[in-house]
Amino acid sequence: MGKRLARDELLQEIKVEREALNALLKQIKPRQMTVPGVTPGGWSVKDILAHVAGWQGKVLEWHEAEQRGETPAVPAPGLTWRDLKCFNERIYQEHRRRSPEAVLLDYEVFHNRMIALIENTPDADLVAVADTSGWDRRGRSATIAARKLRATIAGRASGFAAGNALRVNPTSDGG
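Bear in mind the structure is a predicted one, so any value in this text is a computation, not a measurement. (Residues numbered from 1 in each chain as written. Predicted model: local features only at pLDDT ≥ 70, side-chain atom pairs only at ≥ 80, totals over all residues. Heavy atoms only, no water.)

Student: Just to check I follow, could you spell out the pattern of salt bridges for this structure?
Tutor: Pairing is possible between side chains of opposite charge, provided their charged atoms come close. Across all of its chains, the model carries six salt bridges by this definition. We note a salt bridge from Arg68 to Glu70, for which the minimum N-O separation is 3.0 Å. Looking at Glu70, the relative accessible area reads 41%, which means it is partly exposed. For the salt bridge of Asp106 with Arg98, the shortest nitrogen-to-oxygen distance reads 2.7 Å. Its relative accessible area of 17% is what places Asp106 among the buried residues. Judged by its relative accessible area of 25%, Arg98 is partly exposed. (Salt bridge = Lys/Arg side-chain N within 4 Å of Asp/Glu carboxyl O. Buried < 20%, exposed > 50% of the residue type's maximum accessible area, 1.4 Å probe, protein only.)

Student: Whenever I open this one, the confidence of the model for the protein confuses me. Can you help?
Tutor: In low-pLDDT regions, the fine details of the predicted coordinates are not to be read closely. The share of residues in the protein with pLDDT of 70 or more is 69%, and the mean pLDDT across the chain is 78. Helix H3 (residues 84-95) holds the highest mean pLDDT among the elements of the protein, 94, whereas helix H6 (residues 135-139) holds the lowest, 46. Low pLDDT (under 50) marks residues 128-138, which in the prediction has 18 contacts with non-local residues, meaning those over four places away or in another chain. Contacts of residues 164-175 to residues separated by more than four positions or lying in other chains number 30 contacts, the stretch itself having pLDDT below 50. (pLDDT = per-residue confidence, 0-100. Helix = DSSP H or I, 4+ residues; strand = E, 2+ residues; numbered from the N terminus. Contact = heavy atoms within 4.5 Å.)

Student: Can you help me understand the packing of aromatic side chains in this one?
Tutor: Aromatic rings considered in pairs are described by the distance between their centres and by the relative angle of their planes. Inspection of every chain in the model, using the stated rule, returns five aromatic pairs. Taking 5.4 Å as the distance between ring centres and 5 degrees as the angle between the ring planes, the aromatic pair formed by Trp43 and Tyr92 counts as stacked. Linking Trp43 in the loop between helix H1 (7-25) and helix H2 (45-67) with Tyr92 in helix H3, this pair joins segments that are 49 residues apart in sequence. A relative accessible area of 5% places Trp43 in the buried class. By relative accessible area, Tyr92 is classed as partly exposed at 22%. Pairing Trp55 with Trp62 gives two aromatic rings, centres 6.1 Å apart and planes at 85 degrees, and the pair type is edge-to-face. For Trp62, a relative accessible area of 2% puts it in the buried group. Following the ring pairs from residue to residue traces out a cluster consisting of Trp55, Trp62, Trp81 and Phe87. Looking at Arg18, its charged tip hangs above the ring of Tyr107, at a distance of 3.5 Å from the centre. (Phe/Tyr/Trp six-rings, centres within 6.5 Å; stacked < 30°, edge-to-face > 60°. Lys NZ or Arg CZ within 6 Å of the ring centre and 35° of its normal.)

See the structure below:
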């Protein structure tokens, strides 16, 4: 696990990565969002954004369940952290037929909800949650995912602009 960041540092890191990712996404035409092959697993940019939003949605669900005094099934009922491939596949299947517009809306909404959660959680609770359940790692997933997505599609932005087909990026671990 990387070093823990103070709230302000974490929010700044998320902001920087999100702005860079959004700048890159602006270079991609809507029809290019669904071109498969961005990852070795065949995912499109839309699929990767749905994956990021799906994970953020799950983190928010887990937090809300804990706030109600419940113990959420993490990562999902019947799954453990050793089943992440299966969990990721579930997220993919849940979102694969959704429109790019719907996925982009989730990408924005869940990001804003995660930022609000980070901003409204006392520092001591951010550290306590991180110490007890590893949420510090998952809480930084917005930054890490933005960085990975940028790296995955950055080399393709010029190809997109030229109308070229995507080629699989062998360094991508999504999908």
